[in-house]
Amino acid sequence: MELTVGAFFVGVLLVLMYLFSSIKIVRQGYEYTIEHFGRFTTVAKPGFNLYPAFFYRVGRRVNMMEQVIDIPGQEIITKDNAMISTDGVVFFQVLDAAKAAYEVSDLYVALLNLVTTNLRTVMGAMDLDETLSKRDEINARLLSVVDHATTPWGVKITRVEIKDIRPPADIVNAMARQMKAEREKRANILEAEGSRASEILRAEGQKQARILEAEGRKESAFRDAEARERAAEAEAKATELVSQAVESGSAQSLNYFIAQKYVEAVGKFATSTNAKTILFPVEATQLIGTLGGIGELAKDALGRLDAPAAPPAAPRVRHAPIVEKEGE
């Protein structure tokens, strides 16, 4: 009886052990391939799964999350025979666990070699300047080629990024000199354009100033001519009035006109630069007599016999001798 009870407990224990060994708990983010006597049958999804032990077993535990592979640095010869060092990273995700487990022997090694060879192919077909300035294009071409190649493996390449491109030191120095020369060229061009614009503006300003100056001279000449015309008109008007007065028999206006000119002439003589000191005594009576004589001559010339007699001439007075001290 005791043996029967012990055997029962042993049997129950064996059954529990068999059940526990048949339970497959799959973690989130993973999928397990289930093999039946070594042949793939199904994929166990995350959660609780029950497959009879000894008949079914877990083949591969496949990571279904997005993963990254670091591409080690390598030497690449560009199209223009420049040696560069480059490295990068690849992001991928397994979409089909069965294909990733059984279509390729080692998924990580296969991806690494595939990306490395295609990186050499893509960058080797480009010039050095293109490899340095067209990283986006390199990434896009690598992504297209590698993603197409990994489709049979049930893998999706999400991103390919080039981390660093390192040209040789001599090429870097040459590029630095080239960049410096290019910037100096641009600076010289900008400076020349600035000088040209400045000269143009200066010439335009001088042109405008000369135009304004000429217009000012023109306006001034016009004003001077107008003033001379007005003075000539006034002179002509005065002469006409004097002539009319003489014709009408009045000699006083003619005397006034002649006396005015006489005084002006005396004033110009006094301000002459040829004499520093002038003694010119002139008596008022003599001036009146002279004017009276001129009036008589005018009346004789006009034939006005019936004109009133001119006032008697003042007695002649001898002029004092004129003393002039000429300038040296």
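None of the values given here were measured: they were computed from a predicted structure.

Participant: When you look at the environment of Val 146 in this model, what are you seeing that I'm missing?
Facilitator: Within the secondary structure layout, Val 146 lies in helix α5 (residues 135-150). Residue Val 146 is classed as buried on the basis of its relative accessible area of 0%. Residues Val 146 and Val 115, spaced 31 residues apart in sequence, show a C-alpha to C-alpha distance of 6.5 Å. Every residue in contact with Val 146, bar those within four places of it in the chain, is listed here: Leu 114, Val 115, Asn 118 and Ile 157.

Participant: Sorry, what's going on with the sheet that holds strand β5 (residues 56-63) here?
Facilitator: By definition, the strands of a sheet pair up through backbone hydrogen bonds, in either a parallel or an antiparallel sense. Reading across from one edge, β3-β2-β5 is the order of the three strands in this open sheet, with antiparallel pairing throughout. This sheet does not close on itself; its edge strands, each paired only once, are β3 (39-44) and β5. The average undirected angle you get between the axes of adjacent strands in this sheet is 30°. In this sheet, β3 lies alongside strand β2 (residues 30-36) in antiparallel orientation, the contact comprising five bridges.

Participant: Looking at this structure, how should I read the nonpolar core?
Facilitator: The nonpolar side chains of a soluble globular protein tend to be buried with one another. Ranked by size, the top nonpolar core spans 35 residues in total, and within it Phe 92, Val 94, Leu 107, Trp 153 and Ile 157 carry the most contacts. The set of elements that each furnish at least two residues to this core consists of β6 (67-77), β7 (83-94), α2 (97-102), α3 (107-124), α5 and β8 (155-166). Considering each element in turn, this core owes the most residues, eight residues, to α3. For Ile 157, the contacting residues outside a window of four places in its chain are Val 90, Phe 91, Phe 92, Leu 111, Leu 143, Val 146, Asp 147 and Thr 150. With six residues, the next largest nonpolar core counts Val 26, Tyr 32, Ile 34 and Tyr 51 among its residues.

Participant: Whenever I open this one, the side chain of Asp 87 confuses me. Can you help?
Facilitator: Position of Asp 87 relative to the elements: it lies in strand β7. Within the buried set, Asp 87 has no salt-bridge partner at all; the shortest N-O distance to an opposite charge, 4.1 Å, is to Arg 166. With sequence-adjacent residues up to four places away left out, Asp 87 is seen in contact with Ile 71, Pro 72, Gly 73, Ile 162, Lys 163, Asp 164 and Arg 166.

Participant: Explanation requested: the layout of surface pockets in the structure shown.
Facilitator: Over the atoms rolls a probe the size of a water molecule, and in doing so it shows where empty space is left. By volume, the second largest pocket amounts to about 220 Å³. Elements that contribute at least two residues to the lining of the second largest pocket include exactly β5, α2 and α3. Tallying contributions element by element places β5 first for the lining of the second largest pocket, with four residues. Looking at the lining of the second largest pocket residue by residue, the class counts come to seven nonpolar, three polar and three charged.

Participant: Is there a simple way to think about unusual backbone geometry in this case?
Facilitator: Apart from glycine, the bulk of residues carry a negative phi angle, and the bulk of peptide bonds sit in the trans form. If you check the backbone angles, Phe 54 has positive phi at about 70° while not being a glycine. One non-glycine residue, Asn 81, lies in the positive phi region at around 65°. Relative to the helices and strands, Asn 81 is located in the loop between β6 and β7. Overall, the relative accessible area of 68% leaves Asn 81 in the exposed class.

Participant: Looking at this model, I keep getting lost on the pattern of salt bridges. Mind explaining?
Facilitator: Side chains that differ in charge, positive against negative, can pair when their charged atoms come close. Inspection of the entire model under this criterion finds 12 salt bridges. A salt bridge links Arg 186 to Glu 182, with the nearest nitrogen and oxygen atoms 3.7 Å apart. Of this pair, Arg 186 and Glu 182 both sit in helix α6 (residues 169-247), four residues apart, which is roughly one turn of that helix. Overall, Glu 182 belongs to the partly exposed group, its relative accessible area being 35%. Here Glu 213 ties to Arg 217 by a salt bridge, and the two come within 3.2 Å at their closest N and O atoms. Placement of both Glu 213 and Arg 217 in helix α6 is noted, with a separation of four residues, approximately one turn of the helix. By relative accessible area, which is 48% here, Glu 213 ends up partly exposed.

Participant: I tried to follow the confidence of the model for the protein chain on my own but got confused; where do I start?
Facilitator: Interpretation of the predicted coordinates at a detailed level should be avoided for regions scoring low in pLDDT. Confidence in the prediction of the protein chain, expressed as mean pLDDT, is 78, and 73% of residues score 70 or more. In this model, residues 304-328 is a region of pLDDT below 50 whose contacts with residues beyond four sequence positions or in other chains number 30 contacts.

Participant: Quick question: what am I supposed to make of the packing of aromatic side chains here?
Facilitator: The geometry of an aromatic ring pair is captured by two quantities: the separation of the ring centres and the angle between the planes. Scanning all chains against the criterion turns up five aromatic pairs. When the ring of Tyr 51 is compared with that of Tyr 56, the centres are 6.1 Å apart and the planes differ by 50°; the resulting orientation is tilted. Note on Tyr 51: relative accessible area 17%, which makes it buried. Of note, Arg 27 hangs over the ring of Tyr 30, and the distance from its end group to the ring centre comes to 4.7 Å. A cation over a ring is seen here: Arg 61 above Tyr 32, with NZ or CZ 5.0 Å from the ring centre.

Participant: How do you make sense of a nonpolar patch on the surface when you look at a structure like this?
Facilitator: Together, Val 5, Phe 8, Phe 9, Val 12, Val 15, Leu 16, Leu 19 and Phe 20 make up a nonpolar patch on the protein surface, roughly 780 Å² of accessible area in all. Note on placement: Phe 20 falls in helix α1 (residues 2-22).

Participant: How should I be thinking about α5 in this particular structure?
Facilitator: Every α-helix winds through 3.6 residues per turn, so residues three or four apart in the chain are directed the same way. If you check α5, its first and last C-alpha atoms are 22 Å apart, about what 16 residues at 1.5 Å a residue would give, namely 22 Å. Turning to α5, its buried residues are Ile 138, Asn 139, Leu 142, Val 146, Asp 147 and Thr 150. Down the axis, α5 shows its buried residues gathered within 145° of arc, on one side only. Turned more than 90 degrees away from the buried face of α5 sit Asp 136, Ser 144 and His 148, all of them exposed.

Scoring rules and cut-offs
Residues numbered from 1 in each chain as written. Predicted model: local features only at pLDDT ≥ 70, side-chain atom pairs only at ≥ 80, totals over all residues. Heavy atoms only, no water. Helix = DSSP H or I, 4+ residues; strand = E, 2+ residues; numbered from the N terminus. Buried < 20%, exposed > 50% of the residue type's maximum accessible area, 1.4 Å probe, protein only. Contact = heavy atoms within 4.5 Å. Pairing = 2+ DSSP bridges. Axes fitted to C-alpha atoms, helices over the stretch in contact; angles between N-to-C directions. Core = buried A, V, L, I, M, F, W, Y, C linked by side-chain atoms within 4.5 Å. Lys, Arg positive; Asp, Glu negative; His and termini not counted. Salt bridge = Lys/Arg side-chain N within 4 Å of Asp/Glu carboxyl O. 1 Å grid on protein atoms, 1.4 Å probe; cavity = no way out; pocket = protein on both sides within 12 Å on 5 of 7 lines; lining within 4 Å. Points joined across faces, edges and corners; volume = space filled by probe spheres on them. Nonpolar A, V, L, I, M, F, W, Y, C, P; charged D, E, K, R; others polar. pLDDT = per-residue confidence, 0-100. Phe/Tyr/Trp six-rings, centres within 6.5 Å; stacked < 30°, edge-to-face > 60°. Lys NZ or Arg CZ within 6 Å of the ring centre and 35° of its normal. Patch = residues over 30% accessible without salt bridge, like charges linked within 9 Å, V, L, I, M, F, W, Y side chains within 5 Å. Areas by Shrake-Rupley, 256 points an atom, 1.4 Å probe, with all protein chains shown as cover. Expected span 1.5 Å × (residues − 1). Arc of directions from axis to C-beta.

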